[in-house]
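Listed here are the chains, written in short residue letters.
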Amino acid sequence: MMKEAQLHQEIHPALRADMLAKHIDIELALSILDRYNRGEFDHVEKIVPAGVPPVDGVHVVDVRNRQANTTLFKFPKREALQNLAERNVKLPEGIPETTESDGEYLLFDAAKLEAIGRQIVPRCAYGVLNGGSATSYADLKKNRAIDEALFSALKPAFERYSGLCHDLPKGLTPAYINPDGSPGASFLELKMRARLLAANRAGFAASDALVVAPENGSAPRSSMLSTEARAGQPERLFMPLYQMTSTGNHDQLLSAYAELSSSPFLSTLSLRTGLDAAQWLSGKQPLIAAYTHSSEGMPKRIFDRAYGKEHSSLALPGGHGQCFMVLADTFRALQQQGIRYAMLSNVDNLGAFVDPVELAILAISGRPAGFDFAYRTPIDVKGGILVRTQDGTKNVVDIGPAIDIKEVETLEKQGEAILFNCATGIFDLEWLVPNLENIAHSLPVRFTDQVKDAGSYSQAEQVTWEIVSLLPDFVAFAVNKERRFLAAKMLAEMLLTSGFGNDVPSVPEVLRQVGAALHDGQSWLLQNVYGLELVNGRWVPPEIFKN
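A. Up close: the overall build of the protein. When helices and strands are tallied, the protein shows 19 helices and 23 strands. Against the globule reference of 24 Å for 547 residues, the protein gives a C-alpha radius of gyration of 24 Å, in line with a compact fold. Taking contacts inside the protein between residues at least 6 apart in sequence as the whole, the part at least 24 apart equals 76%. As displayed, the protein has an accessible area near 24,200 Å², and 50% of this comes from carbon and sulfur atoms.

This is the structure we're talking about:
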């Protein structure tokens, strides 16, 4: 064990000034450094998969088949009734039952689950990890690295649209390209529209709202999470929005929201429901410093030679897993206002929307969280998959570091379903809030060595979805990838999903097939989830023609 004096690095005044100028949270950066040098992260063991869990309809639930009168979910009757009563949710009439050796069970089809879930939707917050910029998203080298033939086919479109992404938070860039070639709504516009549509469907009307008069011609707003009592009237809550921003994009996002309130995708629905279209609760992720490369030995220090300059630090985010620290006050505020669940996803996933069926299954089961997993496709050779561990629990491991792709393919040939992490989760705040401090402290911190233009250094990150290892249990939802996981990590992926390159023979057939499926899914989402209509080659909000 190192002595205390060796652990806390003395920061040179010039380096400290540089770190402050780059908006680095020095205290947090040094705390992570000290914990690493103490060996606190050494206990993180590699997960050894023992196989993959079966799609059993209880712990791993296939939610794709939503035909009428087809059982989607089965659960013990007594426990289901207790869990729903505790959440103030009414059980619809006419739910069939069955008796098995261990007791009575309720059999839920999609329609019954939908009816249950819609009662919970108003009390489910809708959150995004919104800290990313579009700089790497539209980076030429990174997009070309996906596939050279694909990029060659997409190059004209890439050159046309990449300029729309520069110097913008990723969430403010177009989520799709219209068939006529015009840019579509942004990722964030669609998230906000989905919420307003859900409120409209639930019967929210401006006449019932406590509406604040509009300013400067903008849409009216109704308070969602005010800290003050207003004339003794209860606040109207409906799927409040929350986000984790970054030091680099926070102010830019807030300015954009003021303008987006008058967007044609939002303004009419905002008027109709009496809800503020663009009111977000926010937590701003701090920047930490890069650390010395592992080749420099122990103890690690703050990396202080960025781009070869003496006393020069490198500011980096600490991974999306810091959201449990950054958003802790937000989660507490939501719970205090009567919100029971909080959905969380990356901002760039067009398929991440609040699904009443998933909410219902989570409430009926009483489990603290649920996550989306899509059936693996041939292009899914990196990322996390759902596995069964040696002790029989479920966890998520990365293809490559934890399980070889060959082993994955062998399991598939044996008939096993390989489920790929979609980076979308729903948390029960009754479990999450009391455990926030423990999660922030216990979530693994991964140090990875980097050799880039700035130099050789190591980066510390927490991964959001590694929270599964800290949960007592969770529901894994097996979903349609083309409807629930249309993530656009790179601009080329968004273009492929928008239909570009799908009919070019030089593009590998597997990419054309995946692109076509994702494009069909995108069209379904724009019509069925985001309520748009295709008119003269553009996806438009139909309400603008009816007012």
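B. Local environment of the sheet that holds strand β12 (residues 291-292). Spatial strand order, β12-β20-β19: 3 strands in an open sheet with antiparallel pairing. Here the strands that pair on one side only, and so sit at the sheet edges, are β12 and β19 (445-452). With 2 bridges connecting them, β12 and strand β20 (residues 455-462) associate as antiparallel partners. Within β20, the position partnered with Tyr-291 by the bridge is Ser-458.

C. Focus on the pairing of strand β14 (residues 341-346). In terms of burial, β14 is largely enclosed, as 6 of its 6 residues are buried. Bridge analysis of strand β6 (residues 124-129) against β14 gives 6 bridges, and the strand direction is parallel. Counted as the bridge partner of Leu-129 is Asn-346 from β14. Looking at chain direction, β14 and strand β18 (residues 419-428) are connected through 5 bridges and run antiparallel. If you follow Met-343 over to β18, its bridge partner there is Ile-426.

D. Looking closely at the packing of aromatic side chains. Scanning all chains against the criterion turns up 15 aromatic pairs. Here the aromatic rings of Tyr-36 and Phe-447 are separated by 4.3 Å at their centres, their planes lie at 45 degrees, and the arrangement is tilted. With Tyr-36 in helix α3 (residues 26-38) and Phe-447 in strand β19, the pair connects residues that are 411 residues apart, well separated along the chain. In this arrangement the basic side chain of Arg-340 is found over the ring face of Tyr-341, its NZ or CZ atom lying 6.0 Å from the centre. Above the ring of Phe-353, the side-chain terminus of Arg-484 is found at 4.4 Å from the ring centroid.

E. View of the pattern of salt bridges. In total, this model carries 25 salt bridges according to the counting rule given. A salt bridge links Asp-428 to Arg-87; the nearest nitrogen and oxygen atoms lie 3.3 Å apart. Within this pair, whereas Asp-428 is found in strand β18, its partner Arg-87 is found in the loop between α4 (77-86) and β4 (97-100), the two being separated by 341 residues in sequence. Overall, Asp-428 belongs to the buried group, its relative accessible area being 3%. Assessed through its relative accessible area of 6%, Arg-87 is described here as buried. With its nearest N and O atoms 2.7 Å apart, the salt bridge here joins Asp-428 to Arg-340. Residue Asp-428 is located in strand β18, and its partner Arg-340 is located in the loop between α12 (328-336) and β14; the two are separated by 88 residues in the primary sequence. One connected set of salt bridges, linked through shared partners, spans Glu-86, Arg-87, Arg-340 and Asp-428.

F. The side chain of Arg-376, seen in detail. As for its position among the elements, Arg-376 is in the loop between β15 (369-375) and β16 (384-389). Residue class for Arg-376 comes out buried when judged on its relative accessible area of 15%. Within polar-contact distance, the side chain of Arg-376 engages the side chain of Glu-412 at 2.9 Å.

G. Focus on the sheet that holds β4. Spatial strand order, β3-β5-β4: 3 strands in an open sheet with antiparallel pairing. Among the strands making up the open sheet, the edge pair consists of β3 (71-76) and β4. For this sheet, the mean angle separating the axes of adjacent strands, direction not counted, is 30 degrees. Bridge count between β3 and strand β5 (residues 103-109): 5 bridges; the pairing is antiparallel. Its bridge partner lying in β5, Thr-71 is registered against Asp-109. Contacts between helix α5 (residues 110-120) and the sheet are confined to β3 and β5, with β5 contributing the most and set at about 90 degrees to the helix.

H. Broad picture of the packing of helix α8 (residues 187-201) against helix α9 (residues 250-260). In the contact formed by α8 and α9, the axes pass within 12 Å of each other and the chain directions differ by 55 degrees. Classified by the angle their axes make, α8 and α9 are oblique. Between α8 and α9 the crossing geometry is right-handed. Residues Leu-188, Glu-189 and Met-192 of α8 form the contact with α9, whose participating residues are Leu-253, Tyr-257 and Leu-260. Here the residues of the contact of α8 with α9 sort into 5 nonpolar, no polar and 1 charged.

I. Representation of the packing of α5 against helix α13 (residues 356-365) within the structure. Closest axis-to-axis distance for the α5/α13 pair is 7 Å, and the angle between their directions is 85 degrees. As the angle between them shows, α5 and α13 are arranged roughly perpendicular. For the pair formed by α5 and α13, the contact residues are Ala-110, Leu-113, Glu-114, Ile-116, Gly-117, Arg-118 and Ile-120 on the first element and Pro-356, Val-357, Leu-359, Ala-360, Ile-361, Ala-363 and Ile-364 on the second. Residues of the contact of α5 with α13, tallied by class, amount to 11 nonpolar, 1 polar and 2 charged.

J. Structural detail: the environment of His-293. Here His-293 shows up in the loop between β12 and β13 (315-317). Filtering out sequence-adjacent residues up to four positions away, His-293 remains in contact with Lys-300, Asp-449, Gln-450, Val-451, Ser-456, Tyr-457 and Ser-458.

K. Local environment of the side chain of Asp-18. Residue position: Asp-18 is located in helix α2 (residues 13-21). Since its relative accessible area comes to 17%, Asp-18 is described here as buried.

Conventions we followed
Residues numbered from 1 in each chain as written. Predicted model: local features only at pLDDT ≥ 70, side-chain atom pairs only at ≥ 80, totals over all residues. Heavy atoms only, no water. Helix = DSSP H or I, 4+ residues; strand = E, 2+ residues; numbered from the N terminus. Rg over C-alpha atoms; globule rule 2.2 N^0.38 Å. Contact = heavy atoms within 4.5 Å. Areas by Shrake-Rupley, 256 points an atom, 1.4 Å probe, with all protein chains shown as cover. Pairing = 2+ DSSP bridges. Buried < 20%, exposed > 50% of the residue type's maximum accessible area, 1.4 Å probe, protein only. Phe/Tyr/Trp six-rings, centres within 6.5 Å; stacked < 30°, edge-to-face > 60°. Lys NZ or Arg CZ within 6 Å of the ring centre and 35° of its normal. Salt bridge = Lys/Arg side-chain N within 4 Å of Asp/Glu carboxyl O. Polar contact = N/O pair within 3.5 Å; in protein donor to acceptor, adjacent residues only side chain to side chain. Axes fitted to C-alpha atoms, helices over the stretch in contact; angles between N-to-C directions. Parallel < 35°, antiparallel > 145°, perpendicular 65-115°, else oblique. Left-handed = near helix turned anticlockwise from the far one by under 90°. Nonpolar A, V, L, I, M, F, W, Y, C, P; charged D, E, K, R; others polar.

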